[in-house]
Amino acid sequence: EIANICERVGAEAPEVMNGIGLDSRIGSRFLNPGVGWGGSCFGKDIRALLHTAHEYGYDSRLLQASLDVNTAQRQMVIQKLQERLFILKGRTIGLMGLAFKPDTDDLRDAPSLHIAERLLQMGARVKAYDPIATNACRQQRPDLKIRYCESVQDLAAGSDALVLVTEWREFRTLDLAALGRSMASRILVDGRNLFSPEAAIAAGFDYTGIGRSPRPRAPEPRDASVPAPVSDR
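This one's a predicted model, so the numbers in the text were calculated from it and none came from an experiment.

A word on the pattern of salt bridges
Next, step 1: This structure, assessed with the given rule, holds 12 salt bridges.
Next, step 2: Salt-bridge contacts for Asp106 lead to Arg108; the nearest nitrogen and oxygen are separated by 2.6 Å.
Next, step 3: Classification of Asp106 by relative accessible area gives buried; the value is 14%.
Next, step 4: For Arg108, a relative accessible area of 46% gives the class partly exposed.
Next, step 5: A salt bridge links Arg141 to Glu117; its shortest N-O distance comes to 2.8 Å.

Right under this line is the structure:
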């Protein structure tokens, strides 16, 4: 929610989260805005609490809202793609990552699956690359008509947009400029704020993250009443 507000006011969610994390009672380890959490634990535990509350006649609105907001956050990716491509039907979208978090092939409640399903419903062609979760996805979701790629380079080739869904370590060192050269259009939706916006834009991408300003911030205007510094050269 903070990330979504930051986008609208021109603030940077990672900077806000750093400030929040300075409170020792909170910490900063898990304050990472993005496309939402997945996996079996958070959703299962919250639903169990909701069930218990309902059994005893209590409506826990905050717990229900946490589930609702997390689900809606996945739709943010679709919205960002629509803002740039307008019509998604017939477009090719490449998903970078399938697992709900890096270093696992776990697809339980993975945001990637929700995003892929919605894109397919809208008539888009979906490609995906994940270092280790591809076989699991093939086996568990044979109904999902997506093309599985063997590399990020294969994923980018001919794609109209890339969506970073899982923050795998190998994605951190990508040559974005080289990646963009094989794409139909250089659009990058960074669902985990993995990349530097400045680096992505310098590589020619129309970049958008989660809770980040859509464009690099301009330098602060200089107060006209303060004399400009004089060079000592």
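Section: the nonpolar core
Next, step 1: Core analysis: the largest hydrophobic core is formed by 53 residues, its most contacted members being Leu81, Ile93, Leu95, Met96, Leu119, Phe171 and Phe195.
Next, step 2: Beyond its immediate sequence surroundings of up to four residues, Leu95 is in contact with Ser112, Ile115, Ala116, Leu119, Val126, Lys127, Ala128, Tyr129, Leu155, Val163 and Val165.

Observations regarding the packing of helix α4 (residues 61–85) against helix α5 (residues 111–121)
Next, step 1: Remark: α4 packs on α5, axes separated minimally by 9 Å, with the N-to-C direction vectors making an angle of 45°. Compared by their axis directions, α4 and α5 come out oblique. Between α4 and α5 lies a crossing of right-handed hand. Within the contact between the two elements, α4 uses Arg74, Gln75, Val77, Ile78 and Leu81 and α5 uses Pro111, His114, Ile115, Arg118 and Leu119.

As for the state of the cysteines
Every disulfide links exactly two cysteines, by a covalent bond between their sulfur atoms.
Next, step 1: With the rule as written, the count across this model stands at zero disulfides.
Next, step 2: Of the cysteine sulfurs around Cys137, a residue in no disulfide, the closest is that of Cys149, at 12 Å.
Next, step 3: For Cys149, a relative accessible area of 3% corresponds to the buried category.

Overview of α4
Next, step 1: Compared with the 36 Å implied by 1.5 Å per residue over 25 residues, the 36 Å span of α4 between its first and last C-alpha is a close match.
Next, step 2: At Arg74, α4 shows its largest kink, close to 25°.
Next, step 3: At the exit of α4 stands Phe86, carrying a positive phi of roughly 65°.

Concerning the side chain of Thr92
Next, step 1: Relative to the helices and strands, Thr92 is located in strand β1 (residues 92–96).
Next, step 2: Within the structure, Thr92 has its side chain in polar contact with the side chain of Arg125 (distance 3.1 Å).
Next, step 3: Apart from the residues lying within four places of it in its own chain, the contact partners of Thr92 are Arg125, Lys127, Gly158, Ser159, Asp160 and Ala161.

Section: α5
Next, step 1: Regarding α5, the residues found buried are Pro111, Ser112, Leu113, Ile115, Ala116 and Leu119.
Next, step 2: Its buried side turned inward, α5 meets α4, β1, β2 (125–129) and α6 (134–140).
Next, step 3: At the exit of α5 stands Gly123, carrying a positive phi of roughly 90°.

Side note on the packing of helix α3 (residues 41–55) against α4
Geometry of a packed helix pair, given as the angle between the helix axes and the separation of the axes.
Next, step 1: Running from N to C, α3 and α4 point in directions that differ by 150°, and their axes come no closer than 9 Å. When the axes of α3 and α4 are compared, the pair comes out roughly antiparallel. When you trace α3 past α4, the crossing you get is left-handed. Where α3 approaches α4, its residues Gly43, Ile46, Arg47, Leu49 and Leu50 are matched on the opposing element by Leu63, Gln64, Ser66 and Leu67.

Here we look at the sheet that holds strand β3 (residues 147–148)
Next, step 1: The parallel open sheet is built from six strands, whose spatial order is β3-β2-β1-β4-β5-β6. The open sheet has two edge strands, β3 and β6 (206–208), and neither has a second partner.
Next, step 2: Pairing between strand β5 (residues 187–190) and β6: three bridges, direction parallel. Note on β6: the bridge partner recorded for Leu188 is Tyr207.
Next, step 3: Contacting β1 and β2, α5 runs over the sheet at an angle of about 175° to β1.

Definitions and limits used
Residues numbered from 1 in each chain as written. Predicted model: local features only at pLDDT ≥ 70, side-chain atom pairs only at ≥ 80, totals over all residues. Heavy atoms only, no water. Salt bridge = Lys/Arg side-chain N within 4 Å of Asp/Glu carboxyl O. Buried < 20%, exposed > 50% of the residue type's maximum accessible area, 1.4 Å probe, protein only. Core = buried A, V, L, I, M, F, W, Y, C linked by side-chain atoms within 4.5 Å. Contact = heavy atoms within 4.5 Å. Axes fitted to C-alpha atoms, helices over the stretch in contact; angles between N-to-C directions. Helix = DSSP H or I, 4+ residues; strand = E, 2+ residues; numbered from the N terminus. Parallel < 35°, antiparallel > 145°, perpendicular 65-115°, else oblique. Left-handed = near helix turned anticlockwise from the far one by under 90°. Disulfide = S-S within 2.5 Å. Expected span 1.5 Å × (residues − 1). Bend = angle between axes of the 7 residues up to and from the residue. Polar contact = N/O pair within 3.5 Å; in protein donor to acceptor, adjacent residues only side chain to side chain. Pairing = 2+ DSSP bridges.

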